[in-house]
Amino acid sequence: MRSSNIVNSILLLSNIFMLATGQIFFKLGLGKIGGVNLNNAWKAMFNIHIIAGLILYVFATLIWFVVLSRIPLSVAYPIQSIAYVLGLLAALLIFNEPVSAMKWLGMMIIMLGVVIIAVD
């Protein structure tokens with residue numbers, strides 16, 4: 001594997017981890033303010049967890065621009081679906097949400113698709 005491929009892979013994985021971590025921060029922040037509706041949406045702007053999630057999303061987007069300039073969209077975008085898998089794992093491990101057998105199956109299908117796309 002060439003060093004540019006390694007750097008590209010690290011950039012893409014960084015983007016994926018930032019997206020998943022941003023979602024975790026959003027979930028934590030929304031839990032702290034009791035969710036969002038039209039009456040309290042302004043509170044989200046001042047919640048440290050939501051701000052952290054937004055900052056991660058800004059950096060993830062900047063890295064995504066670099067990724068898109070180096071990796072074909074037909075490869076990078078499907079591989080980015082690993083963020084969904086990380087989200088499911090976070091739901092289970094951090095938020096103690098139930099994960100059904102169908103969700104596990106879906107996660108395995110996503111990962112199989114990522115492997116197929118990555119080796120093509």
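Residues numbered from 1 in each chain as written. Predicted model: local features only at pLDDT ≥ 70, side-chain atom pairs only at ≥ 80, totals over all residues. Heavy atoms only, no water.

## Overview of the side chain of Asn 40
By secondary structure assignment, the location of Asn 40 is in the loop between helix 1 (3-33) and helix 2 (41-44). A relative accessible area of 11% means that Asn 40 is categorised as buried. Residues contacting Asn 40, with those up to four places away along its chain left out, are Ile 33 and Gly 35. (Helix = DSSP H or I, 4+ residues; strand = E, 2+ residues; numbered from the N terminus. Buried < 20%, exposed > 50% of the residue type's maximum accessible area, 1.4 Å probe, protein only. Contact = heavy atoms within 4.5 Å.)

## Concerning a nonpolar patch on the surface
Taken together, the side chains of Ile 48, Ile 51, Ile 55, Val 58, Phe 59, Leu 62 and Phe 65 define a hydrophobic patch exposed on the protein surface, amounting to about 680 Å² of accessible area. Here Ile 55 shows up in helix 3 (residues 48-70). Judged by its relative accessible area of 45%, Ile 55 is partly exposed. (Patch = residues over 30% accessible without salt bridge, like charges linked within 9 Å, V, L, I, M, F, W, Y side chains within 5 Å. Areas by Shrake-Rupley, 256 points an atom, 1.4 Å probe, with all protein chains shown as cover. Salt bridge = Lys/Arg side-chain N within 4 Å of Asp/Glu carboxyl O.)

## Here's the deal with the pattern of salt bridges
By the definition in use, this model includes one salt bridge. We note a salt bridge from Lys 27 to Glu 97, for which the minimum N-O separation is 3.8 Å. One end of the pair, Lys 27, is in helix 1; the other, Glu 97, is in the loop between helix 5 (82-93) and helix 6 (101-119), with 70 residues separating them in the sequence. Judged by relative accessible area, which is 43%, Lys 27 ranks as partly exposed. By relative accessible area, Glu 97 is classed as partly exposed at 29%.

## Concerning the confidence of the model for the protein
Of all residues in the protein, 99% have pLDDT values of 70 or greater, and the mean over the chain is 95. For the protein, per-element mean pLDDT is lowest for helix 2, which scores 90, and highest for helix 3, which scores 98. (pLDDT = per-residue confidence, 0-100.)

## Looking at the side chain of Asn 47
Along the chain, the position of Asn 47 falls in the loop between helix 2 and helix 3. A polar contact is formed between the side chain of Asn 47 and the backbone nitrogen of Ile 50, at a distance of 3.1 Å. Those residues within four positions of Asn 47 in sequence are excluded, and the remaining contacts are Gly 29, Lys 32 and Ile 33. (Polar contact = N/O pair within 3.5 Å; in protein donor to acceptor, adjacent residues only side chain to side chain.)

## Quick word on the packing of helix 1 against helix 3
One can describe the packing of helix 1 onto helix 3 by two numbers: an axis separation of 8 Å at closest approach and a directional angle of 160°. Here helix 1 is positioned roughly antiparallel relative to helix 3, judged by the angle of their axes. The crossing of helix 1 and helix 3 is left-handed. (Axes fitted to C-alpha atoms, helices over the stretch in contact; angles between N-to-C directions. Parallel < 35°, antiparallel > 145°, perpendicular 65-115°, else oblique. Left-handed = near helix turned anticlockwise from the far one by under 90°.)

## Focus on the nonpolar core
With 14 residues, the main nonpolar core has Leu 12, Ile 16, Val 67 and Ile 79 as its most contacted residues. Excluding residues that lie within four positions of it along the chain, Val 67 makes contacts with Leu 11, Leu 12 and Ala 76. (Core = buried A, V, L, I, M, F, W, Y, C linked by side-chain atoms within 4.5 Å.)

## A closer look at the packing of helix 5 against helix 6
Two elements in contact, helix 5 and helix 6, have axes separated by 9 Å at closest approach and are oriented at 150°. As far as their axial angle goes, helix 6 and helix 5 are roughly antiparallel. Crossing of helix 5 over helix 6 shows left-handed handedness. Residues Ile 82, Tyr 84, Val 85, Leu 88, Leu 89 and Leu 92 of helix 5 pack against Lys 103, Trp 104, Met 107, Ile 110, Met 111 and Val 114 of helix 6. Among the residues forming the contact of helix 5 with helix 6, the class breakdown is eleven nonpolar, no polar and one charged. (Nonpolar A, V, L, I, M, F, W, Y, C, P; charged D, E, K, R; others polar.)

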